[in-house]
Amino acid sequence: MRITVMSDSHGLFGATQKVMEAQPDSDIYIHLGDGKAECRLLRQEYPDKNLVFVRGNCDFDCDFDSDFPDFTVIPVNDKHRIFACHGHKYTVKYTHSDLLAAARANHCNIVVYGHTHERYNSYEQDIHILNPGSCAFPRDGQPPSYAIIDIVGDGVLKNIISL
């Protein structure tokens, strides 16, 4: 199974389209927030794709929108569950402890988040942690990026890819 993860497009629909075109055969596409308008357009442009969205701190007027929850849990198979959030409510700019606690509380062994606009790929305390960076406005001196997660049986392979 292939999962494509993007975040922080901040109004640049073209950035999200590039991600979709780069990974046309993914099983799931996750947008981690700060791109509500782009997510709605993605839903129109790619109605046959499995699209998952969460709300970011810049996604206004989402308070009563169930299509954009603060976080979501995605069961992948019997071994893997993904906790997906934007990250701003989990102090991700300072520590991963709140994020790891939320993943554990939701019985997830993979956590994906955005918000910082900086790439991050790690395995800590038996949990895979991934931030794809920003597909539009990176803040880490790297090019815009997205990530893929390949799950084969028990294995998890995470990669961050420059656009």
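Notes on the structure follow. (Residues numbered from 1 in each chain as written. Predicted model: local features only at pLDDT ≥ 70, side-chain atom pairs only at ≥ 80, totals over all residues. Heavy atoms only, no water.)

**Thoughts on helix H1 (residues 13-22)**
- Considered for burial, the residues of H1 that qualify are Phe13, Ala15, Thr16, Val19 and Met20. Along H1, the residues classed as buried sweep out an arc of 160° about the axis, all on the same side. Exposed and facing more than 90 degrees away from the buried side of H1 are Lys18 and Glu21.
- Looking at the buried positions of H1, the neighbouring elements they touch are strand E1 (2-6), strand E2 (28-31), helix H2 (36-45), strand E3 (51-53) and strand E9 (145-152). (Buried < 20%, exposed > 50% of the residue type's maximum accessible area, 1.4 Å probe, protein only. Helix = DSSP H or I, 4+ residues; strand = E, 2+ residues; numbered from the N terminus. Arc of directions from axis to C-beta. Contact = heavy atoms within 4.5 Å.)

**Details of the sheet that holds E2**
- Strand order in the open sheet made by the five strands is E3-E2-E1-E9-E10, with mixed pairing throughout. A single partner strand is all that each edge strand has here, and the edge strands are E3 and strand E10 (155-162). If you compare each strand with its neighbour and ignore which way they point, the axes differ by 20° on average.
- Here E2 pairs with E3 via three bridges, running parallel. Of the residues in E3, the one forming a bridge with Ile30 is Val52.
- Across the face of the sheet, H1 comes into contact with E1, E2, E3 and E9 while running at roughly 165° to E1. (Pairing = 2+ DSSP bridges. Axes fitted to C-alpha atoms, helices over the stretch in contact; angles between N-to-C directions.)

**Details of the packing of H1 against H2**
- Direction vectors running N to C along H1 and H2 enclose 45°, while the axes themselves pass 9 Å from each other. If you check the angle between H1 and H2, you find them oblique. With respect to the hand of their crossing, H1 and H2 are arranged in right-handed fashion. When H1 is examined against H2, the residues Phe13, Thr16 and Met20 are found in contact with a partner set consisting of Glu38, Leu41, Leu42 and Glu45.
- Looking at the contact of H1 with H2 residue by residue, the classes come out as four nonpolar, one polar and two charged. (Parallel < 35°, antiparallel > 145°, perpendicular 65-115°, else oblique. Left-handed = near helix turned anticlockwise from the far one by under 90°. Nonpolar A, V, L, I, M, F, W, Y, C, P; charged D, E, K, R; others polar.)

**Observations regarding the environment of Ala22**
- Tracing the backbone through its elements, the reader meets Ala22 in helix H1.
- By relative accessible area, which is 39% here, Ala22 ends up partly exposed.
- Residues Ala22 and Lys93 lie 71 residues apart in sequence; the distance between their C-alpha atoms is 29 Å.

**Things to note about the nonpolar core**
- One finds Ile3, Val5, Ile30, Val112 and Ile149 to be the most contacted residues of the largest nonpolar core, which totals 18 residues.
- Of all the secondary-structure elements, those providing two or more residues to this core are E1, E2, strand E5 (81-85), strand E6 (110-112) and E9.
- No other element matches E9, which puts three residues into this core.
- Look past the residues within four positions of Ile149 in its chain and what remains in contact with it is Met1, Arg2, Ile3, Val5, Ile110, Val112, Leu130, Val156, Leu157 and Lys158.
- One finds Val19, Met20, Tyr46 and Phe53 within the second-largest nonpolar core, a separate group that totals 16 residues. (Core = buried A, V, L, I, M, F, W, Y, C linked by side-chain atoms within 4.5 Å.)

**A few points about the sheet that holds E6**
- Overall, mixed pairing links the five strands, which are arranged E4-E5-E6-E8-E7 in an open sheet. Single-partner strands in this sheet number two, and they are strand E4 (71-75) and strand E7 (119-124). For this sheet, the mean angle separating the axes of adjacent strands, direction not counted, is 15°.
- In this structure, E4 lies alongside E5, joined through five bridges in antiparallel fashion. Residue pairing in the sheet places Pro75 in a bridge with Arg81 of E5.
- Strands E5, E6, E7 and strand E8 (127-132) of the sheet are contacted by helix H3 (residues 97-105), whose axis makes an angle of about 125° with E8.

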